[in-house]
Amino acid sequence: MPLYKRKPFPLAERPKDLKPQERVFQVRFTKEIFRDYGEYLNRINLYRQRIWTCKVTAKTNLTFEEALVSEKHATEKVQRFPKELVVPVLRDVQFSMLTLKDLANKIATKLQEQLSEVNGEDLVRKKLPFTREVLKSFIRESTYRSVPWVLHDKLASKYGISTDPPEELRCNFSFQDGRVVRNRKRNRKEEVSKEELRKCKSKKMENGKSEPWIPGEIAEDKLKKEPIKYPIDDILVQPASDDPVFTERPSLSRDFQIPMDCVGDLLMIWDFCSSFSRLLHLWPFSLEDFEHALCHKDSNLIVIAESHSAILRLLIKDDGNYTTSIQKKKRKPKITLVTWAEYLCDFLEMIGDADLSNYITTVRRGHYGLLDIHAKLGIFRELVAQALTTNLMREKLDECIEQRQELAATRRGEALEEGRQRREDKELRKAEYDGKEIKGRSLKSVENSSNSFENGNHSRQNGDVADKWNKNALSPRGKHAVTNRKQADTLKKSNGKQHNMDAKAALENVKDSSKKGVQKLVRDDGKEAMERSTEQRKEYLEREMEKKIIRTNSLGKDRYHNRYWFFKRDGRIFIESSDSAQWGYYSTKEELDAFVGSLNRKGERERALKKQLEKYYDKIW
């Protein structure tokens, strides 16, 4: 049975009290039976995912059915394993602690030596009658657990191989329910000494009653569960206490004028005409107008006539089979609102569809409006299919693909350049910061040296002044007066010069600070302008890529694999059921907000769907 997350996956149990006439749903390759179609569909979708592993070959990334086929083929190879080597191989496998690769190499080497001894041949030249991959598959098929490898009980008893684990494994492994399991290792926090237990149990409360005691660490460990790494498959998501408050999912609107099984074709045809309106030279029209026109009984409606004529003109320009057919009938290449029905009949005769050929007479008589809605959409579907095979359409698609690739390459290049620019700016800022630190330390050392130098000058100047005062005290009065006057003039001049120098330095500081402030403002403004231009550039590239439309893809799927569609020229979100049998839509902002609030981000599909809805939210409304 295929493995899910390296563990066996249990199949669903058969429902009880099944009645012979009761309608049920059965999975073809597992024979599981479900009463509820939703449960059956969820199980089928789970089996279709590439999350399964072949138990025999250990191949991964398989669907459930692919894993079953892989197991079947591998088992057939294992059954051709030489019978004379089964017992010795199984004995070496039982309770081995080697990895699968080492175990297979050991067994293969041992068998090669034995065969060489028997046949008297060189070890290198002797080959085993099976490959190592077959040996690995045989080991996996014969065991129910690895490291230690333990054989299935029936297989071990069939070949008389002991099922008792050796003495060195009994301390780490034990038997539970007939299987070998590893003994649970205790945490250091869980190891509580007997003395501590005795003291805790004997502890008394104030009222004299014994206080119940539970080791807190053990209790906390029991409450702890292995955390789940989200997102996971939506079906496996369970309600949790940390979930946000989900809004109730609004009901869908289903008021289509056409039958439910025709909605898909309606959307496909309208999206084709709208997306390639320039190539078809067709004026765009709304989905509602197209739906009304198809349901109307009038045969000469502008929307119907123009849309048919536009596609037929494209087929004529392509110079294909349709052009040849109308040339044989000597029709004019110009299609008008009066003659479009005749050209449509020529197209139906050319394709030779048995069902659509029944409507040729009705269309030729001018009663196109009386056709059934299924017939109208069937004719449109064939026209679109033929248009997609024309050379003109292929050239247009190739052009769009090439332009999208160029825009994508431009966007990637600009993103790389932006990242490089950010790294350079970061390194530049770091270098400026380091330079400022070094400059600050240098200025501080210069100031310290200048202070010490000035202190020395002051002491020398004080000594000189003292000598002068002593000399003046001994000199005559007139000489003393002249000396004081000269000193005053000298001091006045020096003070004036110093004042001028201080004023110039202050002015220079003001100029430098104002200049730096202006440069910073300019730099900040330029940075903001650059950021704005970068964002505008990204938006421009995104818009241009959306214009080069190739096909319309769904926004994503919800928990139940319902697909969600958004068309740029219609303001609704269309919902397609997983089996494409039912359709609905949301048409208001309140409905969309409620639906987005109901999506669970823990699920893979709903997380991706919510991200897409948030991306296109502004474009939807």
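As the structure is a computational prediction, the values presented were derived from the model and not from experiment.

Draft legend 1. The pattern of salt bridges, seen in detail. Under the counting rule described, the total for this entry stands at 24 salt bridges. Residue Asp233 pairs with Arg605 through a salt bridge whose shortest N-O separation is 3.3 Å. With Asp233 in the loop between helix H8 (216-223) and helix H9 (263-275) and Arg605 in helix H21 (residues 604-615), this pair connects stretches of sequence that are 372 residues apart. Owing to a relative accessible area of 14%, Arg605 belongs among the buried residues under this scheme. It is possible to trace a salt-bridge network through shared partners that takes in Lys329, Arg331, Glu342, Asp346, Glu349 and Arg364.

Draft legend 2. Representation of the sheet that holds strand S13 (residues 583-586). Read from one edge of the open sheet, four strands run S10-S11-S12-S13, paired in antiparallel fashion. The two strands at the open ends of the sheet, each matched to only one other strand, are strand S10 (556-557) and S13. Here strand S11 (residues 563-566) pairs with strand S12 (residues 573-576) via four bridges, running antiparallel. Opposite Tyr564, over in S12, you have Ile575 as the bridge partner.

Draft legend 3. Molecular detail of the packing of aromatic side chains. Inspection of the entire model under this criterion finds 27 aromatic pairs. Between the aromatic rings of Trp52 and Phe64, the centroid separation amounts to 4.9 Å while the plane-to-plane angle is 90°, which identifies the pairing as edge-to-face. With a gap of 12 residues between them, Trp52 in strand S5 (residues 52-53) and Phe64 in helix H2 (residues 64-79) connect regions that are remote in the sequence. With relative accessibility at 0%, the residue Phe64 sits in the buried group. When the ring of Phe81 is compared with that of Phe138, the centres are 4.3 Å apart and the planes differ by 5°; the resulting orientation is stacked. Residue Phe81 is located in the loop between H2 and helix H3 (86-93), and its partner Phe138 is located in helix H5 (residues 132-142); the two are separated by 57 residues in the primary sequence.

Draft legend 4. Expanded view of the environment of Arg404. Its location among the elements puts Arg404 in helix H18 (residues 391-474). As for Arg404 and Leu541, which are separated by 137 residues in sequence, their C-alpha atoms are 9.6 Å apart. Residues contacting Arg404, with those up to four places away along its chain left out, are Met545, Glu546, Lys548 and Ile550.

Draft legend 5. Molecular detail of the nonpolar core. Phe272, Leu312, Leu344 and Phe574 are the most contacted members of the largest nonpolar core, which has 57 residues in total. Counting only domains with at least three residues in this core, you end up with domain 3 (260-389) and domain 4 (554-619). Residues within four places of Leu344 in sequence aside, it is in contact with His308, Leu312, Val363, Tyr368, Ile379 and Leu383. Of all hydrophobic cores here, the second largest spans 23 residues; its members include Leu85, Leu100, Leu103 and Ile107.

About the cut-offs
Residues numbered from 1 in each chain as written. Predicted model: local features only at pLDDT ≥ 70, side-chain atom pairs only at ≥ 80, totals over all residues. Heavy atoms only, no water. Salt bridge = Lys/Arg side-chain N within 4 Å of Asp/Glu carboxyl O. Helix = DSSP H or I, 4+ residues; strand = E, 2+ residues; numbered from the N terminus. Buried < 20%, exposed > 50% of the residue type's maximum accessible area, 1.4 Å probe, protein only. Pairing = 2+ DSSP bridges. Phe/Tyr/Trp six-rings, centres within 6.5 Å; stacked < 30°, edge-to-face > 60°. Contact = heavy atoms within 4.5 Å. Core = buried A, V, L, I, M, F, W, Y, C linked by side-chain atoms within 4.5 Å. Domains from an automatic or database assignment.

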